[in-house]
Amino acid sequence: MLKKSILLTMTVIFIVAIVSTLSSIYTLYSKKEITFDPKLKEISGIEFDKRNRLWAINDGGDEPKLYRLNKDGSIAQEILVSNAKNIDWEDMTQNKFGHFFLGDFGNNKNDRRWLTIYKIENPIDIKTDSTEAEIIKFTYPEMDGSPIKPSNRNFDLEAFVALGRHLYLFTKNRTEPFDGITNLYKVGDHAANFKAQLIGSFKTCTTMEKLCWITSAALSPDRKKLVLLDSTSIWLFENFEDDQFFSGDVSKIDLGIITQKEAITFYDDNTIVFTDEEFKGIGGNAYFIKLDTAKKVIVKRANPILK
């Protein structure tokens, strides 16, 4: 009798696990709209230009290029940034004028003291297959040349946005032990050498670092919503004051199964687009989410109602 009970319990657990896995797969793949050209197997940043055309960049190791994509994910155009290097391109963003910013600031080992952002003209104004960039350099004041303690390894970077005359950087936490905190820094948006200014921090989770790493960021066109991306979720920030993004309401959108999600942007104020990298036949797609119909879990209210 005991053996039958144990067998029944294990069967139920197995069925629940299968159902949960299938549900997670559906949660992600029901949002799939585009499968990318195999040349773009490590997309790390995406943006829509002012004509609503999708552009992408690859992670480090590729040429310093932007790729404009057709609606089916094939490559329509390539633009070389002639005075750039792709050491570790990790995200792309744009300002209200449509200038694109390319973040060469991946810092896995926390040993790159000076990092680079390339600013290029609005892609709709580029008439050839190459362009030159304005070069922005920055460093973290906390990196003074002395060894970085494992508990302070929070200088990797894969996410940024543009607001006003500044760029806002969200760190990818590599602390040991992992504390789940992404730090928010800001620098200017023009050619110069900057010391990044720390202006805030936000804790994602501490369960597993690879599930909580912030890998991309985006601001809505009306600049009223910020999203941060990790492997399982989108973090949505609303009703914040000025550039204090963490001061408002925070909610979380579950993305289903774990894939290497690396890039996010807004198509319009209500539509989010994110991508994942292809790995063993899984991923390599773009997914679309409508905020007004997405299931959101409230994490924090800026002004909770007092009872």
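As a reminder, the structure under discussion sits directly above these lines.
About the cut-offs
- Residues numbered from 1 in each chain as written.
- Predicted model: local features only at pLDDT ≥ 70, side-chain atom pairs only at ≥ 80, totals over all residues.
- Heavy atoms only, no water.
- Pairing = 2+ DSSP bridges.
- Helix = DSSP H or I, 4+ residues; strand = E, 2+ residues; numbered from the N terminus.
- Axes fitted to C-alpha atoms, helices over the stretch in contact; angles between N-to-C directions.
- Buried < 20%, exposed > 50% of the residue type's maximum accessible area, 1.4 Å probe, protein only.
- Core = buried A, V, L, I, M, F, W, Y, C linked by side-chain atoms within 4.5 Å.
- Contact = heavy atoms within 4.5 Å.
- Phe/Tyr/Trp six-rings, centres within 6.5 Å; stacked < 30°, edge-to-face > 60°.

(A) View of the sheet that holds strand β7 (residues 100–104). Taken in spatial order, the five strands line up as β6-β7-β8-β10-β14 in an open sheet, and their pairing is mixed. The strands lining the two open edges of the sheet, one partner per strand, are β6 (89–94) and β14 (193–195). The average undirected angle you get between the axes of adjacent strands in this sheet is 25°. In this structure, strand β8 (residues 115–120) lies alongside strand β10 (residues 134–139), joined through five bridges in antiparallel fashion. Its bridge partner being in β10, L115 is matched across the sheet by F138.

(B) Broad picture of the pairing of strand β13 (residues 181–188). Most of β13 sits inside the fold, with seven of its eight residues counted as buried. Across five bridges, the pairing between strand β12 (residues 166–172) and β13 is antiparallel. Its bridge partner being in β13, L167 is matched across the sheet by V187. One ladder, built from six bridges, connects β13 with strand β15 (residues 197–203); its direction is antiparallel.

(C) Structural detail: the nonpolar core. Counting residues in hydrophobic clusters, the biggest one holds 19 residues, and the most contacted among them are F170, L226, L228, F237 and F245. Tallying contributions element by element places strand β11 (residues 156–163) first for this core, with three residues. Residues within four places of F237 in sequence aside, it is in contact with F202, K224, K225, L226, L228, F245, F246, D249 and V250. Grouped together as the second largest cluster of nonpolar side chains are 18 residues, F105, I117, I136 and L169 included.

(D) Representation of the packing of aromatic side chains in the model. This model, assessed by the stated rule, comprises 15 aromatic pairs. Ring geometry for F48 against Y267: centres 5.0 Å apart, planes inclined by 80°, an arrangement best described as edge-to-face. Of the two residues, F48 sits in strand β2 (residues 43–48) while Y267 sits in strand β20 (residues 261–268), which places them 219 residues apart along the sequence. Relative accessible area serves as the criterion here: at 9%, F48 is assigned to the buried category. Judged by centre distance (5.1 Å) and plane angle (50°), the ring pair of Y140 and F155 falls under tilted. Of this pair, Y140 sits in the loop between β10 and β11 while F155 sits in the loop between β10 and β11, and the two are 15 residues apart along the sequence.

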